[in-house]
Amino acid sequence: MKPTDKIYVAGHSGLVGGAVVRVLTSRGFSNLLTRSRSEVDLRDQQAVRDLFADEKPELVILAAAKVGGIKANFDAPVEFLVENLQIQNNVIRAAHEAGARKLLFLGSSCIYPKFAPQPIPESALLSGSLEPTNEAYAIAKIAGIKLCQAFSREYDANFISVMSTNLYGPGDDFDLETSHVLAALLRKAHEAKMSGAGEMIVWGTGTPRREFLHVDDLAAAVLFLLEQYNSSEIINVGCGEDISIRELAELICEVVGFRGELRWDRSKPDGTPRKLLDISRIKNLGWKPTIALRDGIARFYEWFLDNYVQSMVSLR
Ligand code: GDP
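Residues numbered from 1 in each chain as written. Predicted model: local features only at pLDDT ≥ 70, side-chain atom pairs only at ≥ 80, totals over all residues. Heavy atoms only, no water.

**Student:** Describe in detail the environment of proline 132, supporting the description with residues and values.
**Tutor:** Examined against the element boundaries, proline 132 turns out to sit in the loop between β4 (102-108) and α5 (135-155). Through-space distance from the C-alpha of proline 132 to that of glycine 271 is 7.8 Å; in sequence the pair is 139 residues apart. Residues contacting proline 132, with those up to four places away along its chain left out, are Phe74 and Lys114. (Helix = DSSP H or I, 4+ residues; strand = E, 2+ residues; numbered from the N terminus. Contact = heavy atoms within 4.5 Å.)

**Student:** Residues and numbers for the domain arrangement of the protein, please.
**Tutor:** Domain boundaries in the protein define domain 1 (7-170 + 212-240 + 277-285) and domain 2 (181-207 + 244-271 + 293-315). For domain 1 and domain 2, the distance between their C-alpha centroids amounts to 28 Å. Counting from both sides, the interface comprises 11 residues of domain 1 and, opposite them, 14 residues of domain 2. In total, about 1,000 Å² of surface goes out of reach between domain 1 and domain 2, with carbon and sulfur atoms giving 80% of it. It is Ile70, Tyr168 and Phe212 that lose the most area in domain 1 upon contact with domain 2, and together they represent 51% of the buried surface on that side. (Domains from an automatic or database assignment. Buried area = accessible area lost by both parts, 1.4 Å probe.)

**Student:** An account of the sheet that holds strand β1 (residues 7-10) is requested, with residue identities and associated values reported.
**Tutor:** Spatial strand order, β2-β1-β3-β4-β5-β10: six strands in an open sheet with parallel pairing. Lying at the two open borders of the sheet, with one neighbouring strand each, are β2 (32-33) and β10 (235-237). Of the strands in this sheet, β3 (59-62), β4 and β5 (159-164) are in contact with helix α4 (residues 77-97), which crosses β3 at around 175°. (Pairing = 2+ DSSP bridges. Axes fitted to C-alpha atoms, helices over the stretch in contact; angles between N-to-C directions.)

**Student:** Please set out the packing of helix α1 (residues 15-26) against helix α7 (residues 215-228) residue by residue, giving values where relevant.
**Tutor:** For the pair α1 and α7, interaxial distance at closest approach is 8 Å and the crossing angle is 60°. Here the hand of the crossing between α1 and α7 comes out right-handed. Contacts from Leu15, Val16, Ala19, Val20, Arg22, Val23 and Leu24 of α1 reach α7 at Val215, Asp216, Leu218, Ala219, Ala220, Val222 and Leu223. Its residues assigned to classes, the contact of α1 with α7 shows 12 nonpolar, no polar and two charged. (Left-handed = near helix turned anticlockwise from the far one by under 90°. Nonpolar A, V, L, I, M, F, W, Y, C, P; charged D, E, K, R; others polar.)

In structure tokens, the structure reads:
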């Protein structure tokens, strides 16, 4: 890859796309192509075709997707299925038609079966039934993987698919209805501390286990794979360790400084019992995560105070 390569980051204003733009910029890539949602609606096939025909990016990072936590996924399966299929079908096909040299498609650990072996190897794909709370999103992502593999087989395209574990970091969603657990609990702990509340509500039983990767580590992995990985076989990216939701809640309360009780809302779903990725494939290539969970949460809390809380204050 050359610093002047034209790289299209689809979804640059999201959690992953934002981190990818930061890492590319810091490593001297100066020819980035980005378009806001109001400029190009990626669900619109013609708009996407026109963008690729006009701009002809050499490399494409497909980080645009409709994403959300357990509740959003469960409540809106139609939108999660249709919009993700539209975005990925349009971008992957247009990238091929415009002659892109390489495309990196971002998937997620929820593509694996609910009761996959732990840690989950890439070979577990399509070996069992999915977790119902995020089945629509998972089916769309699996279709995206299969489309990239089909382009590789039929047209010899260098389209790779990267499966990331649960992410957190700057640019995360803090809306409690749609967010993922880490951002939700960070916000809840902060608000409970500020209001002097005696307790904070956490969903489910606290027993599910999840693996959390700071999005800056994922972005570094994306660049690493863009430079080094040219196989149509999917590849996992995670930190290699998981933690129960109870332990996560306790860790967040410690970092934030909230000393009240946790109250478990068991009317909310737990989702899949465990989701830890086997990251041997990427580790063997020479990549490893660098941000430990406690440090990552502390950094993320600082970002939250400087950005999210500040923006709330200025709205008042
Ligand atoms: P998942 O990894 O697809 O299940 O997505 P989430 O990040 O939304 O949820 C992970 C786990 O955290 C589930 O077991 C949730 O029930 C649990 N959880 C606990 N409190 C919360 C919360 O306030 N918000 C969310 N989104 N999940 C929570």
